[in-house]
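The chain contents come next:
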Amino acid sequence: MTTAAPEPKGNMGQPVPRYDAVAKVTGRATYASDTPLANPAYAFLVTSAIAKGRIDGFDLADARRVRGVIEIFTHENAPKLKESKLFSNGGYASTTIQPLKSADIAHDGQIIAVVVADSYEAAREAAYRVKVNYAAAMPAATFDSPGATAAAAKGQNGQFKEDPRVGDFARAFDEAEVKLTAAYETPTQHHNPMELFATSCAWTGDDLVIYEPSQYVHGLKNGVAGQLGIDADKVRVVNPYVGGAFGSKGSMTPRTAIIAGIARRLNRPVKLVPTRDQGFTIATYRAETRHEIQLGASRDGRLLALRHEGMEVSSRPDPYCVGGTKTTTRLYACANVDSLVSIVRADRNTPGFMRSPPEVPYLFALESAMDELAVKLAMDPIELRRINDTANEPIDGKPYTSRSLMACFDAGARAFGWSQRSPAPGSMSDGDWLVGYGCAATCYPTQMAPAAARVRLQRDGRTRVEIAGHEIGNGAYTVIAQAAAERLGVPLEKVTVHIGDSDLPPAPVAGGSNSTASTCSAVMMVCDKVRQRLFRALLPNEGLADRAKETVGIGQTPATQAARSGQPLDRDKAFEALGADVVEDYGEWKPDGAPLDSFHAMHQGQMRMVGGDKMKGAIAYAFGAEFVEVRVNRFTHEIRAPRLVGAFAAGRIMNPRTARSQLMGGLIWGMSSALLESTEIDARTARYVNDNFADYLVPVNADVTDVKVIMLPEQDHRINPAGVKGLGELANVGTNAAVCNALYHATGQRIRKLPARLENIEI
Amino acid sequence: MPDKSGSRHHGFDRRTFMAGAAGSALAPLTARAAAQDARSPVVQDPVLPVDVTLRVNGEDRHLRIDARTTVLDALREHLGLTGSKKGCDHGQCGACTVLIGDRRVVSCLTLALSAEGREITTIEGLASGERLHPMQQAFIDQDAFQCGYCTPGQIMSAVACVKEGHAGSEADIREYMSGNICRCAAYPNIVAAVKQAAPEIMRG
């Protein structure tokens, strides 16, 4: 065992190397834009230079003169597309702003023309020669901009049903011995996956194949079919590898149907590789948020009153919000809770999910406030969390299916050396560097959605698993192969996994950290069906009564019992008895509590995700505790975060190697969010200023020195058959607050607005 | 930056290209132009295709391409070598890193014409048949990637980092691997992989 491949503890799976490792280190892994096309035309986007107004006209003469240009599509001649509803409103789209439909411009960087040429170079040159005459209007950029409007999220966003509240917050806060009121802000952030938002579309007759990095191939397939007005069976989305996504590739963006329509018009495959800066406006982002937290506590640290008000920016037409109060109002024991989420509409592209969408901004606020309260109480911040730890969430009183928060704090504190911390701010230093230790809780809801799989087992053990899951770096290939190998009792190297193709049985979006739980539960179920057929061949004396009982759900046949138990199968004997060499089965799995229309919706690219706070009679979250050491140079104010330690419990860990990597990457994401990342918006023009990798800061290797990941074994039988909570979005939640809490400890200065940068340090 | 050693023999590098743009010293380019009199002093329409021979992974590959084609686009769009990735097209992310000679180069900022006659090594040329290069194996052993998109660039950069003598300490590796962004943030594992592979690579 190495650092990269930790020893499995408890119920964890083996830390086997990634299924797709050789493909990825040899350059053989084919990402969307790597797929060869026969005689492709190259598309290049022209995007709006204003955020609000109209296009008065184009001058395309110069552009058309570029040798190799085939056609230039604007709203005047673009293929007509049907509208698609927002994903949260029963549709598929990340935005209802449909470019190339009219002369209207709704946001900076909106697609306003597509140049298609025989070569990439010609398309690019012609795109730069497109002249646009705008009638510009004054846009509202963000909070406080003239023209921006605010309203409660409840009632306008279908997924935000309720502002959680319980008890009498106003009175309890009024009467509390210790009070804290504090405001926090988080910035606009862009996912910036390494892979650009590429799309290639190729038609064969009436059949369309789309090569596009997608976290939801069945959603994209159905969404594009709807926009083109064709049968979804005519559309196939292929992407065996996604070059990072982090939420940005979860719902359909407008570019896909546009490129598909153009390819149909030209009767030629069309390849689009947008630029990095275009990615800032043709896809989604994490919107900026504002928060006010009020905490009331007794002198001994018990929370008596908690209020969380959040405000989030969205676009003019779309009521997108993340609404993290569902989590922050339930994290600690507190009898009197109030909350409110509002959406502020501005002239911006529609935001969307970005890694841990609700929890990142909302827990930054809550976990910063908890640290501030601990200071007011002169109490260790870990002890404050211990005093308010709870087995039941306070809003509806439902029990957590499992909750290892304090075990994580204890394990993390030991590994970090928390006991070495001297509590007074500014009391620790090393030469010119002020040293600060900070910590925060992290959590993420356990979510699952219906999924289908097909499994084929051959007599020699070769196994083929088909499920339209997504490899976004999450280790999907690997954990699916492990689940099948384990369940069927075949060697791992005999298993082949086919994912990332909408012709395969549908799986949900690879988002909300539901992927491993959903796909592995479905694959395990279908493996059991395969086992059942083999056991049935071995145990032929299955009574009719047994079968009848099983059909009506009041009993199990011996074959079913054997299949679902861990009973080993003599494969050779079973195949002999069956008189066949191959068994193949298909099955559809849905989690407890999924609605009746789940499977129907699944086939239409609509997922019915359940879990988190929406379970009946329980609430399911993964938890962790994060510790950060920061160093602030007392003269230059340079900030470094040389040590990050996270301890996590997330149900069954399928593969400690891939899990550790995801958690480690998450910790670094969190550090980056706290110290580096911010999309700057020009308030006058509502345009993004730093839309490239030189100016939008993300960590490089030199920014990261020591990251330690601790995984605690945890068994949870109530969540799903795989026992998996999901951890892709667990680690980057608490880090924001942990970093700022450490900065307070180092300097005595409380940072309530992210990111914390040297120019914000006033010591 | 492209390795300029030997460029005089091939008659085309960035400097002569810049000078050519000002109206002189473009003879080598026009001499290869598809539909151009070699003796003509007229500056060629840059859109006209140009013949170029690139030596990639030990093989000469003849291409007729737009003179503005980068090494990256030549590899990906014209030679079917899609291992090198486009992450920014601005030299900011390192996903397109290849070796030209022994030197790591961001292929998105290198014109294909300027690489003529040089030895270009891409991720596809690193393994010996099915036997992985030690750096590839180390990336697997240390789980030095997640989504894998930056990985070809990281590995090419890592090989050069070792050969440059910049893998002597973890701090050095971190510094000299900082031209390659990994958004999944596999950085500590990348450092471990470079450390693992370095001795074997230095032994040759």
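Residues numbered from 1 in each chain as written. Chains lettered and ligands numbered in written order. Predicted model: local features only at pLDDT ≥ 70, side-chain atom pairs only at ≥ 80, totals over all residues.

**Q** Any chance you could break down the confidence of the model for chain B for me, citing the residues and the numbers?
**A** Model confidence for chain B is summarised by a mean pLDDT of 85, while 77% of its residues fall at 70 or above. Here the complex is predicted with pTM 0.95, and the ipTM for its interfaces comes to 0.97. (pLDDT = per-residue confidence, 0-100.)

**Q** Give a detailed account of the interface of chain A and chain B, specifying residues and quantitative values.
**A** The interface of chain A with chain B comprises 52 residues on the first partner and 52 residues on the second. Among the elements that take part in the side of chain A that touches chain B, helix α18 (residues 656-675) of chain A stands out by supplying seven residues, more than any other. Its residues placed into classes, the side of chain A that touches chain B shows 27 nonpolar, 16 polar and nine charged. (Contact = placed C-beta atoms within 7 Å. Helix = DSSP H or I, 4+ residues; strand = E, 2+ residues; numbered from the N terminus. Nonpolar A, V, L, I, M, F, W, Y, C, P; charged D, E, K, R; others polar.)

**Q** Quick one: what's the story with the sheet that holds strand β9 (residues 199-204) of chain A, residue by residue and with numbers?
**A** Residue and element names in this part refer to chain A. Spatially, β3-β5-β1-β12-β9-β10-β11 is the arrangement adopted by the seven strands of the open sheet, whose pairing is mixed. Across the chains shown, the open sheet's two edge strands, defined by having one partner strand only, are β3 (69-73) and β11 (235-238). Strand after strand, the sheet turns through a mean of 20° between neighbouring axes, direction not considered. Contacts between helix α5 (residues 217-228) and the sheet are confined to β10 (207-211) and β11, with β11 contributing the most and set at about 145° to the helix. Of the strands in this sheet, β1 (41-47), β3, β5 (111-117), β9, β10 and β12 (270-272) touch helix α6 (residues 255-266), which is tilted by about 40° from β9. (Pairing = 2+ DSSP bridges. Axes fitted to C-alpha atoms, helices over the stretch in contact; angles between N-to-C directions.)

**Q** Hey, could you go over the domain arrangement of chain A for me, with residue numbers and the actual values?
**A** It is common to give the size of an interface as the accessible area that goes away when the parts come together. All names here are of chain A. What the domain assignment reports for chain A is domain 1 (1-7 + 400-446 + 620-763), domain 2 (32-139 + 191-282) and domain 3 (449-607). Its C-alpha centre places domain 1 at a distance of 36 Å from the equivalent point of domain 2. Of the residues lining the interface, ten residues belong to domain 1; the matching set on domain 2 comes to nine residues. For the side of domain 1 that touches domain 2, the residue count by class is five nonpolar, three polar and two charged. (Domains from an automatic or database assignment.)

**Q** Break down the packing of helix α9 (residues 359-377) of chain A against helix α19 (residues 735-747) of chain A for me, citing the residues and quoting the values.
**A** All names here are of chain A. Contact pair α9 / α19: the axes reach a minimum separation of 8 Å and the direction vectors enclose 35°. Crossing hand, α9 versus α19: right-handed. Contact residues: α9 offers V360, L363, F364, E367, S368 and D371, while α19 offers N736, A737, C740, N741 and Y744. Grouping the constituent residues of the contact of α9 with α19 by class yields six nonpolar, three polar and two charged. (Left-handed = near helix turned anticlockwise from the far one by under 90°.)

**Q** Before we move on, could you go through unusual backbone geometry and cite the residues and values that matter?
**A** Residue and element names in this part refer to chain A. Here the bond from L754 into P755 is cis, since omega is -10°, no more than 30 degrees from zero. Tracing the backbone shows P755 in the segment after α19. The backbone phi angle of L100 is positive, close to 60°, even though this residue is not glycine. Along the chain, L100 falls in the loop between β3 and β4 (104-105). We classify L100 as buried; it has 23 C-beta atoms within 10 Å. Backbone geometry places S356, a non-glycine residue, at a positive phi of 55°. As for its placement among the helices and strands, S356 is situated in the loop between β15 (336-346) and α9. (Buried ≥ 20, exposed ≤ 12 C-beta atoms within 10 Å, placed from the backbone.)

**Q** If you had to explain the packing of helix α12 (residues 476-488) of chain A against helix α13 (residues 515-538) of chain A to someone new, which residues and values would you point to?
**A** Residues and elements named next belong to chain A. In contact at an axis separation of 9 Å, α12 and α13 are set at 30° when each is read in the N-to-C sense. Between α12 and α13, the angle falls in the class roughly parallel. Seen from above, α12 lies across α13 with right-handed handedness. Touching A476, V479, I480, A483, A484, R487 and L488 of α12 are S515, T516, T519, C520, V523, M524, C527, D528, V530 and R531, all from α13. Classifying every residue of the contact of α12 with α13 gives eleven nonpolar, three polar and three charged. (Parallel < 35°, antiparallel > 145°, perpendicular 65-115°, else oblique.)

**Q** Please give an account of α9 of chain A that cites residues and values.
**A** Residue and element names in this part refer to chain A. Its 19 residues place the ends of α9 25 Å apart at the C-alpha level, agreeing with the 27 Å of an ideal helix rising 1.5 Å per residue. Most of α9 is tucked away, with 17 of its 19 residues classed as buried. Looking one or two places after α9, you find A378, whose phi comes out positive at around 50°. (Expected span 1.5 Å × (residues − 1).)

**Q** For the environment of V313 of chain A, give the residues involved together with the corresponding values.
**A** Within the element layout of this structure, V313 of chain A appears in strand β14 (residues 303-315). Considering only alpha carbons, one finds V313 of chain A and Q532 of chain A, 219 residues apart in sequence, at a separation of 52 Å.

**Q** Got a sec to walk through the domain arrangement of chain B? Specific residues and values, please.
**A** All names here are of chain B. Domain annotation for chain B reports domain 1 (43-123) and domain 2 (126-204). Facing the 16 residues of domain 1 at the interface are 13 residues of domain 2. Listing elements by their share of the side of domain 1 that touches domain 2, those giving two or more residues are β3 (97-100) and β4 (103-106). Ranked by residue count, the leading element in the side of domain 1 that touches domain 2 is β3, at three residues. Broken down by class, the residue content of the side of domain 1 that touches domain 2 amounts to six nonpolar, six polar and four charged.

**Q** Before we move on, can you summarise helix α6 (residues 151-163) of chain B with the specific residues and values?
**A** In an α-helix, one full turn covers 3.6 residues, which means residues spaced three or four apart are oriented alike. Compared with an ideal rise of 1.5 Å per residue, which puts 13 residues at 18 Å, α6 of chain B spans 18 Å between its outermost C-alpha atoms and is within 8% of the ideal. In terms of burial, α6 of chain B is a largely internal element, twelve of the 13 residues being buried. Listed in full, the buried residues belonging to α6 of chain B are T151, P152, G153, Q154, I155, M156, S157, A158, V159, A160, C161 and V162 of chain B. In the core, the buried residues of α6 of chain B are packed alongside α1 (21-26) of chain A together with β3, β4, α5 (134-141), α7 (170-176) and α8 (187-203) of chain B.

**Q** Help me get a handle on the environment of E584 of chain A, residues and values and all.
**A** All names here are of chain A. Along the chain, E584 falls in strand β22 (residues 582-589). Judged by the 16 C-beta atoms lying within 10 Å of it, E584 is partly exposed. Along the chain, E584 and K82 lie 502 residues apart, while their C-alpha atoms are 39 Å from each other. Beyond its immediate stretch of four places on either side in the chain, E584 contacts R454, V455 and R456.

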